[in-house]
Amino acid sequence: MTTPSETNVVHTAKDGDLLFVTIDHPPVNALSVDVRRGLMAAIDQAESDASVKGVLIVGAGRGFIAGADIREFGRPPMHPILPEVCNRIEACTKPVVAAIHGAALGGGLEVAMAAHYRLAMADAKLGLPEVQLGLLPGSGGTQRAPRLMGVEAAVNLMLSGRHMKAQEAVDGKLVDRLGEGADVLQAGLAYARELLAEAAPVRRTRDLDAIKIGDDHPMGVLDAIQKDVEKKSRGLFSPLKVIEAVRAGLSLPFDEALDNERKLFLQCIDSPQRAGLIHAFFAEREVLKVPEVKNVAPRTVARVGLIGGGTMGAGIAVAVLDAGLPVTMIERDAEAVARGRANVEKVYNGLIAKGRMTESAKADVMARFNTSTDYQALAQADLVIEAVFEEMSVKKAVFAELDRVCKPQAVLATNTSYLDINEIAASVSRPQDVIGLHFFSPANIMKLLEIVVPTQVSADVVATAFALATQLKKVPVRAGVCDGFIGNRILAVYRAAADHMMEDGCSPYEIDAAMRAFGYPMGPFQVSDLAGGDIGWATRKRRAATRDPKARYVQIADRICERGWFGQKTGRGYYLYPAGARTGEPDPEVLAIIDAERARANIQPQALSSEQIVRKYMAAMINEGANVVHQGIALRPLDVDVTFVHGYGFPRHRGGPMKYADMYGLDKVLADIQTFAKQDPLFWQPSPLLVQLVKDGKNFDSLNR
Ligand code: 3H9
């Protein structure tokens, strides 16, 4: 007999003396206010019906519950709030069983921990990933997880945000039983009946004692973890709040510990980091929604070809091999083929050395890797990625070969980072098949993939590129054709602003330190030393003839390169790297070069504070970001945000440069630009889009919807 529940997203049904409760709120059963009300009503129903002896909670569809409804954060809370729901479930006087399949994350796992017994199917993913959203588990998770798993395991789960598999959760006592078979409802019903038959008691997690589980010295464990977090989390707010909540819970009565958790949770909710991280979460999903992909089936990609076995080509090969696809790499002669193969093997050998791969796993992967000097080997490839030298004539020669050998419908992709892909496409007989796939180095690690869409490309080729990105576990961003696309085009501008500041009076070390304090893992001059100064130098020389003679050009980098100081690989660049050190030391000779250049350019050096450095750097980035959106190179501001978070080390907790601009205030950004323009009006031209938005009182986010 089915009883209608109070909301249409939580259904209750009776099966003998068991009330089973199904959360049916696609796509991921997020705990929106209707679900929370439904769960409250279901427990009320169980309590008021004397014939009910136990309760079983399951999720419909793909999983149990993916957590609180993230879209509700930042709005006034609606009752019942999730902590109330969890407490109600735990207080139930009849045994409550949670049967978990798929995702049980955040508030989803907190619901399960508030139940009295837990079963997880083999496909379950259990986790408390709130820190990734700038939050802490705020429905009792910081108190119940330590009681079930022990302090150390629970804190590590919360701080890492990782997903645990079912067996690990059983081993770690988070879950009582591994479900058998494939049907969560059947497995859950069987377990619940078994418990009822045994007259299993109500077993409340709150009544367990965290101190008794696992660690003899939980305070010492917390101290050690806190030290580590302070060192590594670079100013993140919520990880320390997690520790604070757990620490307080070890000495406070349970209800007071919950009140304290709520207080800390609300501090996290109010933090700008929460706003930045949640923006990043949704932006990463929105970037997948591009017009070409809507209702268009991608082409099948079963075999991938690759031209070029340099660092980039090899990284792409590894990314494709890791996705389970076979790769055929073309190089110009046997020696280059051997080098390309060695570059690929080097990546896997590194993993073996770290104990993260076995020799036999490597052999399995390498069995899918083929090489040739003959383009004919690509005749059956479904998609070919060119990663050769960045020069139009070289690219066109490669594409002429591809045009000759590739089968009809093969996707022909270029990994160029700057060149005009429309021109490449126009050079072959099938421009509709040509697209840009701009990987970031190291291509097997960096998440960003700019999908550059030339004018003549067919929609199913774009759809194929997005499908491939998902298969490679990349974050794809659609970009239009222009010099540098989204990322490198904006980079060129804020990098120039950094050079201006260096010539005007800041040392590269001050600029790097300011950007690290902002949240970057490295400053721009450290990045330059890591990438190799020679690359930028070659580009500058190539562009010298076309550079606007009126534009400011800082020559410091050229002076450093002329000495053969290309960064880490030569032992010095902006920094000194004695005896192969990876962390650089300031170099007095570099400071002397900078002084000499200031004198040559007739500049009286003026110091800038860290805050002023960040303002100028960000103003340049935001202004060019606005231009890129205005000209349709990026579809929306959020595409710029995702590009910078995943390709350029932009601190994720700030959401991306455009989100940062919204939070800082677009009027303030514009005012900064207008001030800087007094010194250099050519460089600091306010973007028309920025001007318009300020005039209309709108922000970038208004263009994301
Ligand atoms: C929390 O629980 C706080 C509590 O401790 C305290 C509260 C007081 N809410 O990722 P997908 C949407 S914090 C709303 O593409 P997948 C998503 O935007 C929460 N919406 O699927 C997308 O929408 P669209 C802790 C959500 O299969 C659609 O669902 N939980 C939520 O690749 C499909 O998502 C988490 O942090 C949500 N919670 O991955 C888990 N989750 O189709 C966050 C997803 O319009 N979620 N959506 O673009 C995930 O990690 C993944 O979504 C999941 C599925 C692994 C579940």
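Everything that follows concerns the structure shown earlier in this document.
This is a predicted model, so every value here is computed, not measured.

**Let's talk about the site of the ligand**
Then, in step 1: Neighbouring the ligand are 29 residues; Arg62, Gly107, Glu110, Glu130 and Arg285 lie closest to it.
Then, in step 2: Interatomic distance of 2.7 Å between a side-chain N/O atom of arginine 285 and an oxygen atom of the ligand.
Then, in step 3: Interatomic distance of 2.8 Å between a side-chain N/O atom of lysine 289 and an oxygen atom of the ligand.
Then, in step 4: Within the complex, 78% of the 1000 Å² of free accessible area of the ligand lies under protein.
Then, in step 5: Contributing elements (two or more residues each) for the shell around the ligand: β6 (103-105), α3 (107-114) and α11 (272-286).
Then, in step 6: The biggest single contributor to the shell around the ligand is α11, with three residues.
Then, in step 7: Partitioning the shell around the ligand into residue classes produces 16 nonpolar, five polar and eight charged.

**Examining the packing of aromatic side chains**
Then, in step 1: A complete count under the given rule lists 18 aromatic pairs for this structure.
Then, in step 2: In this structure an aromatic cluster arises from ring pairing among Phe440, Tyr494, Phe518, Tyr520, Tyr617, Phe644, Tyr648, Phe650, Tyr660 and Tyr664.
Then, in step 3: For the cation-ring pair, arginine 495 lies above phenylalanine 525, with the distance from its terminal atom to the ring centre recorded as 4.5 Å.
Then, in step 4: The residue whose ring lies beneath arginine 547 is tyrosine 553, and the NZ or CZ to ring-centre distance is 3.8 Å.

**A closer look at the sheet that holds strand β8 (residues 125-127)**
Then, in step 1: Reading across from one edge, β6-β8-β9 is the order of the three strands in this open sheet, with mixed pairing throughout. The outermost strands of the open sheet, each flanked by one partner alone, are β6 and β9 (164-165).
Then, in step 2: One ladder, built from three bridges, connects β6 with β8; its direction is parallel. Along β8, the bridge assignment pairs alanine 104 with leucine 126.

**Some remarks on the side chain of threonine 416**
Then, in step 1: Within the secondary structure, threonine 416 sits in the loop between β15 (411-414) and α16 (421-426).
Then, in step 2: Look at threonine 416 and you get buried, because its relative accessible area is 0%.
Then, in step 3: Within the local environment of threonine 416, its side chain forms a polar contact with the side chain of glutamate 390, the two groups lying 2.7 Å apart.
Then, in step 4: For threonine 416, the side chain forms a polar contact with the main-chain nitrogen of tyrosine 418, separated by 3.3 Å.

**Observations regarding the packing of helix α25 (residues 637-647) against helix α26 (residues 657-664)**
Then, in step 1: Contact pair α25 / α26: the axes reach a minimum separation of 6 Å and the direction vectors enclose 115°. Here α25 contributes Pro637, Val640, Asp641 and Phe644 to the contact with α26, which in turn contributes Pro657, Met658 and Lys659.
Then, in step 2: Here the contact of α25 with α26 is built from residues that sort into five nonpolar, no polar and two charged.

**Quick notes on the environment of histidine 116**
Then, in step 1: Residue position: histidine 116 is located in the loop between α3 and β7 (117-120).
Then, in step 2: The class of histidine 116 is buried, set by a relative accessible area of 0%.
Then, in step 3: Sequence separation between histidine 116 and valine 97 is 19 residues, and the spatial gap between their C-alpha atoms is 5.9 Å.
Then, in step 4: At 2.9 Å, the side chain of histidine 116 forms a polar contact with the backbone oxygen of glutamate 90.

Reading the values: rules and limits
- Residues numbered from 1 in each chain as written.
- Predicted model: local features only at pLDDT ≥ 70, side-chain atom pairs only at ≥ 80, totals over all residues.
- Heavy atoms only, no water.
- Near = heavy atom within 4 Å.
- Polar contact = N/O pair within 3.5 Å; in protein donor to acceptor, adjacent residues only side chain to side chain.
- Areas by Shrake-Rupley, 256 points an atom, 1.4 Å probe, with all protein chains shown as cover.
- Helix = DSSP H or I, 4+ residues; strand = E, 2+ residues; numbered from the N terminus.
- Nonpolar A, V, L, I, M, F, W, Y, C, P; charged D, E, K, R; others polar.
- Phe/Tyr/Trp six-rings, centres within 6.5 Å; stacked < 30°, edge-to-face > 60°.
- Lys NZ or Arg CZ within 6 Å of the ring centre and 35° of its normal.
- Pairing = 2+ DSSP bridges.
- Buried < 20%, exposed > 50% of the residue type's maximum accessible area, 1.4 Å probe, protein only.
- Axes fitted to C-alpha atoms, helices over the stretch in contact; angles between N-to-C directions.
- Contact = heavy atoms within 4.5 Å.

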